[in-house]
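Geometric and topological summary
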Amino acid sequence: MSFRTIEWRDDKVIMIDQTRLPGEEVYCEYGDYKSVAEAIRGMIIRGAPAIGVAAAMGVALGAREIIADTHESFLRQLDNVCDVLARTRPTAVNLFWAIERMKRVAAQNQDKSLDEVREVLKAEAIRIEEEDLELCKAIGRHGAALIPEGATVLTHCNAGGLATAGYGTALGVIRAAHEAGKNIQVFADETRPWLQGARLTAWELMKDGIPVTLIADNMAGFFMNRGEITCCVVGADRIAANGDTANKIGTYSVAVLARENNIPFYVAAPTSTLDLSLENGDQIPIEERHAREVTHLQGLPVAPEGIAVRNPAFDVTPARYIAGIITEKGVITGDYTAKLKTLVTP
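Residues numbered from 1 in each chain as written. Predicted model: local features only at pLDDT ≥ 70, side-chain atom pairs only at ≥ 80, totals over all residues. Heavy atoms only, no water.

1. Side note on the sheet that holds strand 7 (residues 231-234)
Taken in spatial order, the seven strands make up an open sheet running 6-5-4-7-10-15-16, and their pairing is mixed. Each edge of the open sheet is held by one strand with a lone partner, namely strand 6 (212-215) and strand 16 (330-332). When the angles between neighbouring strand axes are averaged without regard to direction, this sheet yields 25°. For strand 15 (residues 324-327) and strand 16, the ladder comprises three bridges, and the chain directions are antiparallel. Bridge pairing links threonine 327 to glycine 330 in strand 16. Against the sheet, helix 5 (residues 114-144) touches strand 10 (265-268), strand 15 and strand 16, its axis set at about 140° to strand 15. (Pairing = 2+ DSSP bridges. Helix = DSSP H or I, 4+ residues; strand = E, 2+ residues; numbered from the N terminus. Axes fitted to C-alpha atoms, helices over the stretch in contact; angles between N-to-C directions. Contact = heavy atoms within 4.5 Å.)

Take a look at the structure:
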């Protein structure tokens, strides 16, 4: 990759500031867990897998800040660190998965000194980052087979290297198909109100030399109806036990349009995005963000002052619209309720 989304370097967390792309490629340093939490909340880093990596690194930073004489005191204070990080973004399940993994590792190493526990947590956070990169490459390999030669792939939001530790989920599928020599191109929805498709997906694909065309969100149906879209591939922030999938707002609309036009709609995500504790998508918490994201664009008002606003950050696509869920363990189709269980069975 020609950029790094997040990394641990010299006992600091380094993130590319995604709010400043594509105009500036700026990397920020974070030396404490509270600043990492603010970076997650403020969309400096976004995308479910990347948020999970950031949370794990935030826990490792928090562990270094704790002053304790006993393991009991250390774990109690670590819980407080984890609570701060867990309150940043409610929808992306990878956040909670990573935090729980870090807490479990801390609890399992109470036979070590506290300094050793801190080092173990640092190593675990780095391991989560490394694993995410390998998982995305595996997702790409499995998904590339679904992309026909000469395809035009529609994607929504950004599920690329910027949304992960590198390579991407939905864009990982696209990258793998491109690397396999398939002559493909991409249509990227702009993705209001944060414009992740326009600012991030287009930037990533252009850096990689993958042909990409930017379209407004409300143009997808037009191009589908004209036969100019071959398939759709998107990422996910949480997948319920029945396959219902939460992703960036506007994804559901794309899925419905794809069904109407007989176009396969695929979801690409690591198994850490599965939340089998939720029976269906109705139970997925949906984050609502500040009205200013809708009423302003780059600080300039684009709506009447005082207008009522709703701003859900995600929507849920019912499983019936999903042709396949692409994971690092393979592609799941058909009975998601039964098959998704097999992906997380020890």
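That shown, we press on.
2. Considerations on the nonpolar core
Met15, Phe74, Leu78 and Leu121 are the most contacted members of the largest nonpolar core, which has 45 residues in total. Ranked by residue count, the leading element in this core is helix 2 (residues 48-65), at twelve residues. Once residues within four sequence positions are removed from consideration, leucine 121 is found in contact with Ala60, Ala63, Phe74, Leu78, Met102, Val105 and Ala106. If you look at the next biggest cluster of nonpolar residues, it comprises 27 residues, including Ala258, Ile263, Tyr336 and Leu343. (Core = buried A, V, L, I, M, F, W, Y, C linked by side-chain atoms within 4.5 Å. Buried < 20%, exposed > 50% of the residue type's maximum accessible area, 1.4 Å probe, protein only.)

3. Some details on the sheet that holds strand 1 (residues 6-9)
Strand order across the open sheet formed by three strands is 1-2-3, with antiparallel pairing between neighbours. A single partner strand is all that each edge strand has here, and the edge strands are strand 1 and strand 3 (27-30). Taking the axes of each pair of neighbouring strands and ignoring which way they run, one obtains an average angle of 25° across the sheet. Set on the sheet, helix 2 makes contact with strand 1, strand 2 (12-16) and strand 3; between it and strand 1 the angle comes to about 25°.

4. A closer look at the packing of helix 1 (residues 33-41) against helix 2
Direction vectors running N to C along helix 1 and helix 2 enclose 160°, while the axes themselves pass 8 Å from each other. The angle between the axes of helix 1 and helix 2 places the two elements in the roughly antiparallel class. Note on packing geometry: the crossing formed by helix 1 with helix 2 is left-handed. Along the contact surface, helix 1 presents Tyr33, Val36 and Ile40, while helix 2 presents Ile51, Ala54, Ala55, Gly58, Leu61, Gly62 and Glu65. In the contact of helix 1 with helix 2, the residues fall into seven nonpolar, two polar and one charged. (Parallel < 35°, antiparallel > 145°, perpendicular 65-115°, else oblique. Left-handed = near helix turned anticlockwise from the far one by under 90°. Nonpolar A, V, L, I, M, F, W, Y, C, P; charged D, E, K, R; others polar.)

5. Topic: the pattern of salt bridges
Enumeration according to the criterion identifies 23 salt bridges in this entry. In this structure, arginine 175 and glutamate 204 form a salt bridge, with 2.6 Å as the shortest nitrogen-oxygen distance. Taken together, the residues arginine 175 in helix 6 (residues 170-179) and glutamate 204 in helix 7 (residues 196-208) connect sequence positions 29 residues apart. A relative accessible area of 2% places arginine 175 in the buried class. Residue classification places glutamate 204 among the buried positions, given a relative accessible area of 0%. Between arginine 238 and aspartate 275 there is a salt bridge; the shortest N-O distance is 2.7 Å. Of the two residues, arginine 238 sits in strand 8 (residues 238-240) while aspartate 275 sits in strand 11 (residues 274-275), which places them 37 residues apart along the sequence. The two residues arginine 238 and aspartate 275 agree in class, both being buried. Sharing partners across several salt bridges, the network here consists of Arg4, Glu7, Arg9 and Glu129. (Salt bridge = Lys/Arg side-chain N within 4 Å of Asp/Glu carboxyl O.)

6. Description of helix 4 (residues 93-108)
Residues separated by three or four positions in an α-helix point in the same direction, a consequence of the helix having 3.6 residues per turn. With 16 residues, helix 4 should reach 22 Å at 1.5 Å per residue; the first-to-last C-alpha distance of 23 Å fits that figure. The inward-facing, buried residues of helix 4 contact helix 2, helix 3 (71-86), helix 5, strand 8 and strand 11. (Expected span 1.5 Å × (residues − 1).)

7. Here's the deal with unusual backbone geometry
Here leucine 21 and proline 22 are connected by a cis peptide whose omega angle stands at 5°. Residue position: proline 22 is located in the loop between strand 2 and strand 3. In the segment running from arginine 192 into proline 193, the intervening peptide bond is cis, with an omega of 5°. Looking at the secondary structure, you find proline 193 in the loop between strand 5 (185-189) and helix 7. Positive phi, close to 70°, is recorded for methionine 43, a residue that is not glycine. The residue methionine 43 is located in the loop between helix 1 and helix 2 in this model.

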